[in-house]
Amino acid sequence: MRPALIGLGLVAAGVLAAVFAEPLAPRVELTGVTDTIGRGTPMRVVATDRGSGLADVEVRLVPEDGSPALVLARQEFPRRGLLGSGVHETTLAPTLGANVPVPEGKATLEVRASDHSLLSALRRWPRLTKEVMVDVTPPKLEVLGTGHDVRVGGSELLIARVGGDAVSSGVQVGDLFFPASSGVFKEPELRTMLFALPADTPDARPVVVATDAAGNRREEPLKITVQPRKFADKTLPITDAFLQRKVPDLLSANGLPADGSLVDGYLRINRDLRASTEARIRELCGNPPEGPLWSGDDGGFLRMPGAALSGFADRRRYTRDGKVIDNQMHLGYDIASLKQAQVPAAAAGRVRFAGPLGIYGNAVILDHGLGVFTLYGHLSEISVTENADVKRGDFLGKTGDTGLAGGDHLHFSTMVQGIHVDPVPWWDRGWVGEHIFARLANHPRPAPPTSEPAS
Ligand SMILES: [Zn+2]
């Protein structure tokens, strides 16, 4: 009897010891931190405890200069019963806070965590430490020059001096970010920023932004005159002949379902394919830009001769038997010439894309540097290949009616990093001279690379 009782007692004591003095200390994991942290660093700590549950978790920053440690985040979980808190996992998002003074320089991040076990008093040391550099100063950012102005749907160039610690800089317009190009000028801190004021967000105002590796972000609202603008309203009746000629082919060429009526199919093209084509264009034109690949001596961009069928940002109302079936904005310029007319490059550049491109049919996109691109759509023939260098006036192909085009014409678009802008100013020698090349001429440029081997 007795030994059995003793045995039972020992087992009970063992269970209690396991519960209260469980040897499984809390575990912590820190992510989102590289070598430098700032106010915007997205730090994350996950603490777990398999036994009695977490008691407290604390993230602190201990500056090396001896100033007091800062608590960046803390969570407490009181004992809720015999077994502890019952909280086995928690996540903290420590930050340096927007307005808390933080000494810059070397520091140690410490993550402390305790559980409700009896042993926890013996485990007060940090569960994790990480040496970091603290940087809470956003990069320097200075917009140079004045007199910036833009019309809704247009584009504008500015030059800014950006601190060397910036890893990203550019212009934010509503949801769109237009990254800066570096390396255009001799002075390494000078950046060019070409941006658009899109026709469909006339109220967005540009903000110049620079961000460093620690996530510190400086924002400067840009002093700029924005000229409002009204765009033309056009009505386009959709005929049976057009639907029969275009819809089945375009659906199959673009992998879209062919079910429903021709009008259903047409709407799938005019809405979904239009949207996916624009997304593709933004992707194709999305890399950070280099300096201009064309020269100011050429004047404005070249416009293919021919009649303008449709202007930039026309608001199109599509009708069928007098009823409106769709509304879209026409993001480009339609120019009609002779059938299968030769299409000239608007300016020197590099072929970024050549091939089928959704609603634009066979298309070519040229990269002119600085973030400006031109698009040539509905071509019947393409005579250039991707990555080829072209000069102003070189023939890219012939006009046609591929894609969503009713008849032979050129759809011409000018784009800033994939966002369509009004091409008219770009065709104007005066505007390009004043807004682009006069500004580029204000600062020394590096010598052009020479093809001669150095002797
Ligand atoms: Zn068009």
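Each value, and the rule that gives it
- Residues numbered from 1 in each chain as written.
- Predicted model: local features only at pLDDT ≥ 70, side-chain atom pairs only at ≥ 80, totals over all residues.
- Heavy atoms only, no water.
- 1 Å grid on protein atoms, 1.4 Å probe; cavity = no way out; pocket = protein on both sides within 12 Å on 5 of 7 lines; lining within 4 Å.
- Points joined across faces, edges and corners; volume = space filled by probe spheres on them.
- Helix = DSSP H or I, 4+ residues; strand = E, 2+ residues; numbered from the N terminus.
- Nonpolar A, V, L, I, M, F, W, Y, C, P; charged D, E, K, R; others polar.
- Donors = N, O, S within 2.8 Å, 3.2 Å for Na, K, Ca; no water.
- Buried < 20%, exposed > 50% of the residue type's maximum accessible area, 1.4 Å probe, protein only.
- Core = buried A, V, L, I, M, F, W, Y, C linked by side-chain atoms within 4.5 Å.
- Contact = heavy atoms within 4.5 Å.

## So, the layout of surface pockets
Step number 1: Considered as a void within the structure, the largest pocket measures approximately 470 Å³ in volume.
Step number 2: Of all elements in the fold, only β18 (233–237), α3 (262–284), β19 (307–310) and β20 (314–320) reach the threshold of two or more residues within the lining of the largest pocket.
Step number 3: Quantified by volume, the second largest pocket comes out at close to 400 Å³.
Step number 4: Lining of the second largest pocket is provided by 20 residues; of these, Pro198, Asp200, Arg282, Leu331 and Ile419 occupy positions nearest its centre.
Step number 5: Secondary structure elements with two or more residues in the lining of the second largest pocket: α3, β21 (323–330) and β31 (419–421).
Step number 6: Here the lining of the second largest pocket takes three residues from α3, the largest share from any one element.
Step number 7: Within the lining of the second largest pocket, the residues separate by chemical class into 10 nonpolar, five polar and five charged.

## Quick look at the coordination of the zinc ion
Step number 1: Here the zinc ion is held by the protein donor atoms His330 (NE2), Asp334 (OD) and His411 (ND1), which lie 2.0 to 2.2 Å from it.
Step number 2: Spacing between the donor residues of the zinc ion along their common chain follows H-x3-D-x76-H. Placement of aspartate 334 in strand β22 (residues 333–336) and of histidine 411 in strand β30 (residues 410–416) is noted, with a sequence separation of 77 residues between them. Across the pair, exposure class does not vary: aspartate 334 and histidine 411 are buried alike.

## Things to note about the nonpolar core
Most often, soluble globular proteins have nonpolar side chains that are buried together.
Step number 1: Grouped together as the largest cluster of nonpolar side chains are 65 residues, with contacts concentrated most on Trp294, Tyr376, Trp426 and Ile436.
Step number 2: If near-sequence neighbours (up to four positions away) are discounted, tryptophan 294 is found in contact with Phe301, Ala347, Ala348, His368, Gly369, Leu370, Val372, Trp426, Ile436 and Phe437.
Step number 3: In this structure, Leu61, Ala73, Leu96 and Ala107 belong to the second largest nonpolar core, which totals 26 residues.

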